[in-house]
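# Structural overview
Take a look at the letters that make up each chain.
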Amino acid sequence: MTFEGVITIILYSLKPYWWLLALLLVPLVLTQLSGWKKYGPRPGFLYLLCVVVGIGAALVAPALTMSKLSYVATTTDWLSLLAVAVGVAIYCFLLLSPVLRRAS
Amino acid sequence: MHPFKASVPQNPGRRRILQMGAGATALSALPFGSAFARQGSNARIVILGAGAAGTAIANRLNNSLSGAKITIAGERQQHLYQPGYTLIASGLWPADKVATSTAEWLPSGVSWVPSDVSEFMPDQRKVKLTNGQVLEYDLLVIATGCQLNYTDIEGMSTDLIGQNGIGSVYASPAAASATNTQIESLISKGSGRAIFTLSNTAIKCAGAPLKMTFTTLSRLEDTGKRDQFQVDFFTPFQNRVFSVPVYNDFVLNRWQEQQVGLHDQRTLVGIDASSKTALFSSADGQTKRESYDFIHVVPPMSAPDAVRQSELAWQEGPMANQWLEIDQYNLQHRRYPEIFGVGDVIGTPFGKTAASVKKQAPVAEANILSYLAGQPLLAKYDGYTSCPLITSIGRAVLAEFGYGGELMPSFPFISPTEESWAVWVMKEKMLQPAYYAMLNGQV
């Protein structure tokens, strides 16, 4: 399959979820704006929290797709799950960092 | 002599078609031709069938030709995403998830006649529709899909699906939903015998009967009372349920582990719904009755009667009077060069899935453009067929193969023989969007 074909299919696949992506973007923008002038250190537990949330999301991802964690078997499966964990952890960090960061 | 001219019988009107396409030949030969130029033609193109294959080819030709008069004929008002039927019958999707409007997918430059074909007059280059209308063509694309011959099984009809333990995933979304209801009844009963069958003809989505067996097994196992249910699979073939050996072996081994009884060389020939009894013929000509609490019926299939009773069907060989006679590589009719075939209707060794259409449509498009331009038909269909073979609710194998049973994996990171959660997600979440992109002629 061509690269162009893959991109086309991804865009078609995302079509029903644009609203959800937009919805996820709203709190992100709000928290980023609220933390605009904060330059202080981030609390240490933030990193741990994001890792825990990321791992949690990865663990429930198979169930959310009507599957089971025990069916995650191939390298591609594990990499997909890892991508879910990393993606959610990054989102969590971007979302909470401005809120939890100290002002100076 | 031009190789194409030499290989094609002379027909009335052929010179006209060559003239129609010749003007654009030079332009399309330029390096940027495929990206920017639409090939000029005033050919009258008729596409029979407004399903996956017909719609995909209509969009492709509409995008690649200018000046052509393209008409598509197909009665069904709803476009049905048939690869979703197994998910409906497994209780995973609602029936309405697979239905959209046919009109939604057809480009504005294409005329739609909501009527099916009733008669072919290939020597006059005409087709008659069920509404009585006669369409003349310079080029014909047959994409009618296949016909489900439920009544070839004595006592069986589509009306019985959803009653007396009878299920069949193929007939419609409603039938798939009714099949799910019958499986739920079996499960709620707490014990019983489930029979799964296979037809002795070529069938569309040959993985569907296997998927239905696997998803039902998955549901039975989830009850925690799997041992209360007897599950049997009846195949007309000798120790074979799938035509590609690697997948056949995989399925048979797995079923052995899952204690599925395999009954080979047994063909479903009759059904008595009232007594929940099925009649199977065997290789020695004997017939035997089997009682069931649930039966999944796979009907014999063929090209629609209008095709198989016409002179366009194969005249000899295993597909004689059953399927459209086309060259398995260039998809052109073997005796009528102005006719092409795409989709389930074609008589090729493989190629009756939506994924096959995805590969056939660009080949047919390229060869139709070449034909109109009087050039050799160079594009070749390799028999590509794909089937995300669900082996349990939640995992699947991405079976991809072509002529000769050769494995044809599309992605280097997905093994064609390994069960995978990612393939399941692909099947459940991404194939329908990919299918719609195909309908629009975009992949």
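This is a predicted model, so every value here is computed, not measured.

## Notes on the interface of chain A and chain B
- Listed per partner, the contact involves 23 residues of chain A and 28 residues of chain B.
- With both sides pooled, the region where chain A packs onto chain B buries about 2100 Å², and carbon together with sulfur makes up 65% of that total.
- Counting the surface chain A buries against chain B, the share from its top three residues, A:Tyr12, A:Met66 and A:Tyr71, is 33%.
- Taken together, the links from chain A to chain B amount to 1 salt bridge.
- Between B:Asp222 and A:Lys68 there is a salt bridge; the shortest N-O distance is 3.6 Å.
- Linking chain A with chain B are 10 residue pairs in polar contact (both at pLDDT 80 or more).
- Every element with two or more residues in the side of chain A that touches chain B is listed here: α1 (3-14), α3 (45-64) and α4 (75-100) of chain A.

## Details of the confidence of the model for chain B
All names here are of chain B.
- Overall, the predicted model of chain B reaches an average pLDDT of 92, with 92% of residues at or above 70.
- Long-range and interchain partners of residues 1-35, a stretch whose pLDDT sits below 50, account for 57 contacts in this model, where long-range means more than four residues apart.
- Taken over the whole predicted complex, pTM reads 0.90, whereas the ipTM for its chain interfaces reads 0.91.

## Section: the packing of helix α4 (residues 52-64) of chain B against helix α12 (residues 421-439) of chain B
Residues and elements named next belong to chain B.
- At a closest axis distance of 7 Å, the pairing of α4 and α12 adopts a crossing angle of 50°. Judged by the inter-axis angle, α4 sits oblique to α12. Where α4 approaches α12, its residues Ala52, Thr55, Ala56 and Asn59 are matched on the opposing element by Tyr435, Met438 and Leu439.
- Grouping the constituent residues of the contact of α4 with α12 by class yields 5 nonpolar, 2 polar and no charged.

The rules we used
- Residues numbered from 1 in each chain as written.
- Chains lettered and ligands numbered in written order.
- Predicted model: local features only at pLDDT ≥ 70, side-chain atom pairs only at ≥ 80, totals over all residues.
- Heavy atoms only, no water.
- Contact = heavy atoms within 4.5 Å.
- Buried area = accessible area lost by both parts, 1.4 Å probe.
- Salt bridge = Lys/Arg side-chain N within 4 Å of Asp/Glu carboxyl O.
- Polar contact = N/O pair within 3.5 Å; in protein donor to acceptor, adjacent residues only side chain to side chain.
- Helix = DSSP H or I, 4+ residues; strand = E, 2+ residues; numbered from the N terminus.
- pLDDT = per-residue confidence, 0-100.
- Axes fitted to C-alpha atoms, helices over the stretch in contact; angles between N-to-C directions.
- Parallel < 35°, antiparallel > 145°, perpendicular 65-115°, else oblique.
- Nonpolar A, V, L, I, M, F, W, Y, C, P; charged D, E, K, R; others polar.

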